[in-house]
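Observations on the three-dimensional arrangement
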Amino acid sequence: MEHWIVAPVVIPAVIGALIVMTMRYDVISQRVAGLASSIALVAVTVALLVSAASGNVESYELGSWQAPFGIVLVLDRLSALMVTVTAVLGLAVLAYAVATGWDQRGRNFHALYQFQLMGLFGAMLTGDIFNLFVFFEILLIASYGLMTHGGGRMRLRGGVQYVMYNLAGSTLFLFALGTLYAVFGSLNMADLAERAQQLPEGDMALMRVTAALLLLVFVLKGALLPMHFWLPNTYALAPAPVSALFAVMTKVGAYSVIRVYTLIFPDTLPGIDGLIRDVLLPASLITVAVGIIGILGGRTLARVVSFSVIGSMGTLFLAVSTFSEAGVAAALYYLIHSTLAAAALFLIVDQLRARRGHSALRDQAPMPGAGLLAAMFFVAAIAMAGLPPLSGFVGKLLMLKAFLAEDWWVWGFAVVLGTSLIALVGFSRAGSTLFWKPEDASAPAPEPYDAEAGAASGWGRAVLGMVLALIVALTVLSGPVTRYTMATSAQLFAPQSYILAVLGTPEARAARLAADAEAMAGHAADHGDDAEHSDEAGHEAADHGPDHDAETPATTQEGH
């Protein structure tokens, strides 16, 4: 499977470029190419997941440049899980956008969508932290275009805010990378993991600064308080199918925290000494509280769902902050669940807007198809709130089990259980207002929002039903999925296999260096021989030089 590791990055890159160059004005061709690419990506990522399930870690050296000097992509259980979840969600959202006509509201939707997937896959597979920055920028540039897809003053204003926050995050990322390279002299993650263990005590202060800067960047991407301000407006104002895809984008921040702080800066590393845990834990607790309060105070269903994403990210980071095998395994299961639940809720928002012209929480008149849509909302809301019997409950149960080993388990229990109850109240209020209360004629009418977009077609509801079916499948298959996440967590906390897959064994590295030195010596010797032959030729020419010089004037003189 070594050469297939690069396929999730190459396929959307090639298809996106082809769409821009050859299919820009033909929406049918764009749809065929986009859907074919997404189906191929699902097939490839599932094959990679099956390969990674064996426990083997594989690396792919781009251009055959060996690590740590070249760029590498690495496939382990974590990266395989992330790319598979992204590919499945990407196919579902693209199918919904095609079914409801959202993709026709701009010429570049399909190209931007492919480049967005390219950035997501690259960020999850890269073994080089500088290229993590590069792929961040690719997915962010594509997301800027998707965010403003379809136009509109409100959407453009939300897009500007989104751009400004993420530009600030990118600047911080560059500062962190500069400091990291100054301290370690490398940006390869496996190489950094080895060098961090051997760092002199005098450089540990700079290492802590680097770890803190990187954490700030990652929690900005993951919308953890106080870096969450960009998310409510962005997700509420973006086209709902785009917001559904963005549900996995915040998870890239969580993925980065898990990867970097189990591989390069583990919590037990001298100089770190619990620094990351001490920051993540209180920030996560407060983020959950802010998200739940937002659910209660949201005036539109779009904002309610956006704040529920913030609350779910706080819950996810709370499990990660344990930095234990059980906690990270629970976080990974919950990551899959919350991604699917948030995507389903945003698609429901789009269905509601297609019928109402808005998603404001006010007394409503009856609308066609409300029974089926209400049932779908009921399922998605239960899942997001974490109530039994769906996968949200399983994820939170795994978290509670992991919290028992922590000193602060009482706070963890109180937050997880309390916020589930409050989220249920908030979603119940929203659902009863939207689907069951009669119209209040005295209430002011809200401003219409994309009433013509996201047509409430049967195909759109069918795709939405498939996303909900994935949540049910995750619940039914919770045993195998949990075993996979436990194995993934165990692999993360034993990073030697990752390091060996990227850098090789010490003996192999020594042999490789010796071979390189021998090749360089042979190359130098060849140049030396060439130089010697050149000198001999020069001496021979010098010996014959006077004769030629003597003959030439004579010949010239005879000519004259």
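Section: the overall build of the protein chain
Across its full length, the protein chain carries 20 helices and two strands. When each of the 560 residues of the protein chain is scored for burial, the buried share is 56%. Considering only intrachain contacts with a sequence separation of at least 6, the fraction spanning at least 24 residues in the protein chain is 80%. Counting every atom, the protein chain has about 22,500 Å² of accessible surface; 67% of that belongs to carbon and sulfur.

Considerations on the pairing of strand β2 (residues 72-75)
What you see with β2 is no split at all: V72 and V74 on one side and L73 and L75 on the other are buried throughout. In terms of strand pairing, strand β1 (residues 58-61) meets β2 through four bridges, oriented antiparallel. Within the sheet, the bridge partner assigned to E61 lies in β2 and is V72.

Here's the deal with the packing of helix α9 (residues 230-237) against helix α12 (residues 301-320)
As a packed pair, α9 and α12 sit with axes 8 Å apart at the nearest point and diverge in direction by 135°. Compared by their axis directions, α9 and α12 come out oblique. Considering only the axes of α9 and α12, their crossing is right-handed. Taken together, the residues of α12 that come into contact with α9 (itself represented by L231, P232, N233, Y235 and A236) are A302, R303, S306, F307, V309 and I310.

Side note on the nonpolar core
Core analysis: the biggest nonpolar cluster contains 182 residues, and I129, F218, Y261, F265, L280 and L301 have the highest contact counts within it. Top contributing element to this core by residue count: helix α13 (residues 325-356), with 19 residues.

Let's talk about the confidence of the model for the protein chain
The predicted model of the protein chain has a mean per-residue pLDDT of 85, with 85% of residues at 70 or higher. Predicted confidence in the protein chain is weakest over helix α20 (residues 506-559), with a mean pLDDT of 55, and strongest over helix α18 (residues 478-492), with 96. Contacts from residues 443-454, a stretch scored under 50 in pLDDT, to residues over four places away or in other chains number 34 contacts. Segment residues 545-560 is flagged for pLDDT under 50; beyond a separation of four residues in sequence, or across chains, it makes zero contacts in the model.

Regarding a nonpolar patch on the surface
A contiguous nonpolar patch, built from V10, V14, L18, V20 and M21 and spanning about 410 Å² of accessible area, is present on the exposed surface. Looking at the secondary structure, you find V20 in helix α1 (residues 7-22).

Quick look at the pattern of salt bridges
In this structure the tally under the stated criterion is five salt bridges. Notably, a salt bridge pairs R277 with D267, separated by 3.2 Å at the nearest N-O pair. Of the two residues, R277 sits in helix α11 (residues 275-297) while D267 sits in the loop between α10 (240-263) and α11, which places them 10 residues apart along the sequence. Given a relative accessible area of 23%, R277 falls into the partly exposed group. A salt bridge links R277 to E406, with the nearest nitrogen and oxygen atoms 3.1 Å apart.

Calculation rules
Residues numbered from 1 in each chain as written. Predicted model: local features only at pLDDT ≥ 70, side-chain atom pairs only at ≥ 80, totals over all residues. Heavy atoms only, no water. Helix = DSSP H or I, 4+ residues; strand = E, 2+ residues; numbered from the N terminus. Buried < 20%, exposed > 50% of the residue type's maximum accessible area, 1.4 Å probe, protein only. Contact = heavy atoms within 4.5 Å. Areas by Shrake-Rupley, 256 points an atom, 1.4 Å probe, with all protein chains shown as cover. Pairing = 2+ DSSP bridges. Axes fitted to C-alpha atoms, helices over the stretch in contact; angles between N-to-C directions. Parallel < 35°, antiparallel > 145°, perpendicular 65-115°, else oblique. Left-handed = near helix turned anticlockwise from the far one by under 90°. Core = buried A, V, L, I, M, F, W, Y, C linked by side-chain atoms within 4.5 Å. pLDDT = per-residue confidence, 0-100. Patch = residues over 30% accessible without salt bridge, like charges linked within 9 Å, V, L, I, M, F, W, Y side chains within 5 Å. Salt bridge = Lys/Arg side-chain N within 4 Å of Asp/Glu carboxyl O.

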